[in-house]
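Each chain, letter by letter, is given below.
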Amino acid sequence: MDVHIERPVRHGPWFWAHPVPALGIAVALTAAICALRFAIGGVEDSIANLYALPVALVALTSGRRAGFAAGTIASGLLVWWVFAAGEHLSWIGWTSRIIPLVLLGALVGDATGRIRAADRTERRARRLEVLGRETAEAHDSMMQHLAVTKWRLESGETEHGLDSLTAAMIDAQDLVRELLDSSRIAPGDRLRSRSAGS
């Protein structure tokens, strides 16, 4: 019995499949917004709100902790600009700019983590379902080998009967080896079994 690993097609947002480029884009956006903040406008402008874009991207890519860190960094850049540019903000101005960035990173990151955990659970459930179905098919195949073995032994075909028994034992060993080889089976993979010599 040959057991084949069928790799699934990867689904999901592009930033999950390519986290490094996504984080690179977030860093580039942050740098561009910071430069724009120093180049034009004052505290009355809403340029600082653009920090929400890289913060959200980091949170969607890497989860709650990274999102919170991104929101904190964006807030730090805003504080740096205010003092470097000699601007002044009231406590309402500080609150309305900093708290949304930090909460955005933390809340979006937390939601992303929950979504990804649910996705892993769903893929694991599908994998177990497939393994159960394929194991049942393998069991049927081995029982057929054993039935052929019994028939041949009863017919006096001892040599052929032993060959069928050996084939059934090899099938069982191969199946167990493949099922235990967890390093080759990722969540979502499908096992395809095929009876040898049938």
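A few points on the structure. On a predicted model such as this, the values are computed, not experimentally measured, just so you know. (Residues numbered from 1 in each chain as written. Predicted model: local features only at pLDDT ≥ 70, side-chain atom pairs only at ≥ 80, totals over all residues. Heavy atoms only, no water.)

A closer look at a nonpolar patch on the surface
In step 1: A cluster of nonpolar residues, Trp 14, Ile 25, Leu 29, Leu 36, Ile 40, Leu 50 and Leu 53, forms a patch on the protein surface that exposes about 600 Å² of accessible area.
In step 2: Here the nonpolar patch takes three residues from helix α2 (residues 19-39), the largest share from any one element.
In step 3: Counting through the fold element by element, Leu 29 comes out in helix α2. (Patch = residues over 30% accessible without salt bridge, like charges linked within 9 Å, V, L, I, M, F, W, Y side chains within 5 Å. Areas by Shrake-Rupley, 256 points an atom, 1.4 Å probe, with all protein chains shown as cover. Salt bridge = Lys/Arg side-chain N within 4 Å of Asp/Glu carboxyl O. Helix = DSSP H or I, 4+ residues; strand = E, 2+ residues; numbered from the N terminus.)

Observations regarding the nonpolar core
In step 1: By size, the foremost hydrophobic cluster in this structure holds 19 residues, and its most contacted members are Tyr 51, Ala 74, Leu 78 and Val 82.
In step 2: Elements with a minimum of two residues in this core: α2, α3 (52-62) and α4 (64-84).
In step 3: Considering each element in turn, this core owes the most residues, six residues, to α4.
In step 4: When sequence neighbours within four positions are dropped, the list of residues in contact with Leu 78 reads Ala 48, Arg 97 and Ile 98. (Core = buried A, V, L, I, M, F, W, Y, C linked by side-chain atoms within 4.5 Å. Buried < 20%, exposed > 50% of the residue type's maximum accessible area, 1.4 Å probe, protein only. Contact = heavy atoms within 4.5 Å.)

Quick word on the packing of α2 against α4
In step 1: At their nearest, the axes of α2 and α4 sit 10 Å apart, and the two run at 20 degrees to each other. Classified by the interaxial angle, the pair formed by α2 and α4 is roughly parallel. Relative to α4, the crossing made by α2 is right-handed. Judged by residue contacts, Thr 30, Cys 34, Arg 37 and Phe 38 of α2 engage Leu 77, Trp 80, Trp 81 and Ala 84 from α4.
In step 2: Split by residue class, the contact of α2 with α4 holds six nonpolar, one polar and one charged. (Axes fitted to C-alpha atoms, helices over the stretch in contact; angles between N-to-C directions. Parallel < 35°, antiparallel > 145°, perpendicular 65-115°, else oblique. Left-handed = near helix turned anticlockwise from the far one by under 90°. Nonpolar A, V, L, I, M, F, W, Y, C, P; charged D, E, K, R; others polar.)

Concerning the side chain of Arg 37
In step 1: On the secondary structure map, Arg 37 appears in helix α2.
In step 2: Given the relative accessible area of 2%, Arg 37 is considered buried.
In step 3: Each residue touching Arg 37, except ones within four places of it in the same chain, is listed here: Gly 42, Asp 45, Ile 47, Ala 48 and Trp 81.

So, the packing of α3 against α4
In step 1: Closest axis-to-axis distance for the α3/α4 pair is 7 Å, and the angle between their directions is 165 degrees. Here α3 lies roughly antiparallel to α4, going by the angle between them. Handedness of the α3/α4 crossing: right-handed. Facing α3, whose interface residues are Val 55, Val 58, Ala 59 and Ser 62, α4 presents Arg 64, Ala 66, Gly 67, Ala 70, Gly 71 and Ala 74.
In step 2: The residue inventory of the contact of α3 with α4, partitioned by class, reads six nonpolar, three polar and one charged.

Just geometry here; none of it tells us what the structure is for.
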